[in-house]
Amino acid sequence: MSETRSDGELLRAVAEDADRRAFEELYRRYAPWLTARMRSRCADAGIVDDVVQETFLAVWRGTARYREDAASAAGGARGDAAGWLWRIASRRLIDALRGAGARGRLRQTLARLRHRDEVSAEERVLAGVEHGDLAGALVRLSPELRAVLQATVVDGLTTREAAVLLGIPPGTVKTRAMRARKQLREALA
């Protein structure tokens, strides 16, 4: 009977012992989730697959370092491995989209995403927030303002990273974020 190891135990085993089984277990635990989440950001399955692979290669090679103790000190009993992997992957996605020809692919992808009928998981979460009138205020924001809030608040991207992801200048990201906050304040006042 095998015992299920925590994320921290798996990551330590990978980092300290190059434990292949721990790495495989971590991959099985998070790769499908990370792939699904990346696909909500990028419709190009090839780029998504590359980003997920590069993310886990960074973990295996030790170029990405997980700091469980730093996360614990921030208020949790354990570090958040999923959040850590998401940050690595989102930065790798931005790097991939900066590559040759990426701007054209990004514009096409964003255009397809803007016009699809299916609402992303993040938009459903934002719309489903049940604190006062926040859900209604978020729904009333334009898609452009919601996209900036999603990238900067939900995904934790910097202004520059959000600008690359959304295909708009950093100044526009700042302006839209400021407008979104102002509209939310007014709606909730």
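As the structure is a prediction and not an experimental result, all values here were calculated from the model.

### Notes on the environment of Ile94
- Its location among the elements puts Ile94 in helix 5 (residues 81-98).
- Ile94 sits in the buried class, given a relative accessible area of 1%.
- Along the chain, Ile94 and Ala162 lie 68 residues apart, while their C-alpha atoms are 8.6 Å from each other.
- Residues contacting Ile94, with those up to four places away along its chain left out, are Leu157, Glu161 and Val164.

### Here we look at empty space enclosed by the protein
- In the structure shown here, the tally under the stated rule is one cavity of 30 Å³ or more.
- Here the largest cavity is characterised by a volume of approximately 30 Å³.
- In terms of residue count, the dominant contributor to the lining of the largest cavity is helix 5 (three residues).
- Considered class by class, the residues forming the lining of the largest cavity number four nonpolar, one polar and two charged.

### Let's talk about the packing of helix 2 (residues 20-39) against helix 3 (residues 45-61)
- The geometry of helix 2 relative to helix 3 is characterised by a closest axis approach of 10 Å and an angle of 150 degrees between their N-to-C directions. Pair helix 2 / helix 3 crosses with right-handed handedness. Residue-level inspection shows Arg20, Phe23, Leu26, Tyr27, Tyr30, Ala31, Leu34, Thr35, Met38 and Arg39 of helix 2 in contact with helix 3, the latter providing Ala45, Val48, Asp49, Val51, Val52, Thr55, Phe56, Val59 and Trp60.
- Grouping the constituent residues of the contact of helix 2 with helix 3 by class yields 14 nonpolar, two polar and three charged.

### Let's talk about the pattern of salt bridges
- Scanning the model with the defined rule gives seven salt bridges in all.
- A salt bridge links Glu25 to Arg29; the shortest N-O distance between them is 2.9 Å. On the criterion of helical spacing, the pair formed by Glu25 and Arg29 is a turn pair, its members being four residues apart in helix 2.
- The residue Lys182 makes a salt bridge to Glu186 at a minimum N-O spacing of 3.9 Å.

### Some details on the packing of aromatic side chains
- Applying the stated criterion to the full structure yields four aromatic pairs.
- Ring geometry for Phe23 versus Phe56: centroids 6.3 Å apart, planes at 80 degrees, classification edge-to-face. Of the two residues, Phe23 sits in helix 2 while Phe56 sits in helix 3, which places them 33 residues apart along the sequence.
- By relative accessible area, which is 16% here, Phe23 ends up buried.

### A short note on the packing of helix 1 (residues 7-17) against helix 2
- Look at helix 1 against helix 2: their axes get within 8 Å of each other, and the N-to-C directions meet at 135 degrees. When the interaxial angle is binned, helix 1 and helix 2 end up oblique. With respect to the hand of their crossing, helix 1 and helix 2 are arranged in left-handed fashion. Taken together, the residues of helix 2 that come into contact with helix 1 (itself represented by Asp7, Leu10, Leu11, Ala13 and Val14) are Ala22, Phe23, Glu25, Leu26, Arg29 and Tyr30.
- Taken together, the residues of the contact of helix 1 with helix 2 break down into eight nonpolar, no polar and three charged.

### Digging into the nonpolar core
- The biggest cluster of nonpolar side chains holds 39 residues, and the ones touching the most others in it are Met38, Phe56 and Leu93.
- Mapped by element, the contributors of at least two residues to this core are helix 1, helix 2, helix 3, helix 5, helix 9 (143-154), helix 10 (159-166) and helix 11 (170-188).
- Setting aside anything within four residues of it in sequence, one finds Met38 in contact with Val48, Val51, Val52, Trp86, Ala89, Ser90 and Leu93.
- Ala137, Leu138, Leu145 and Leu184 belong to the second largest nonpolar core, which has seven residues in total.

About the criteria used
- Residues numbered from 1 in each chain as written.
- Predicted model: local features only at pLDDT ≥ 70, side-chain atom pairs only at ≥ 80, totals over all residues.
- Heavy atoms only, no water.
- Helix = DSSP H or I, 4+ residues; strand = E, 2+ residues; numbered from the N terminus.
- Buried < 20%, exposed > 50% of the residue type's maximum accessible area, 1.4 Å probe, protein only.
- Contact = heavy atoms within 4.5 Å.
- 1 Å grid on protein atoms, 1.4 Å probe; cavity = no way out; pocket = protein on both sides within 12 Å on 5 of 7 lines; lining within 4 Å.
- Points joined across faces, edges and corners; volume = space filled by probe spheres on them.
- Nonpolar A, V, L, I, M, F, W, Y, C, P; charged D, E, K, R; others polar.
- Axes fitted to C-alpha atoms, helices over the stretch in contact; angles between N-to-C directions.
- Left-handed = near helix turned anticlockwise from the far one by under 90°.
- Salt bridge = Lys/Arg side-chain N within 4 Å of Asp/Glu carboxyl O.
- Phe/Tyr/Trp six-rings, centres within 6.5 Å; stacked < 30°, edge-to-face > 60°.
- Parallel < 35°, antiparallel > 145°, perpendicular 65-115°, else oblique.
- Core = buried A, V, L, I, M, F, W, Y, C linked by side-chain atoms within 4.5 Å.

In short, shape yes, function no, at least from these values alone.
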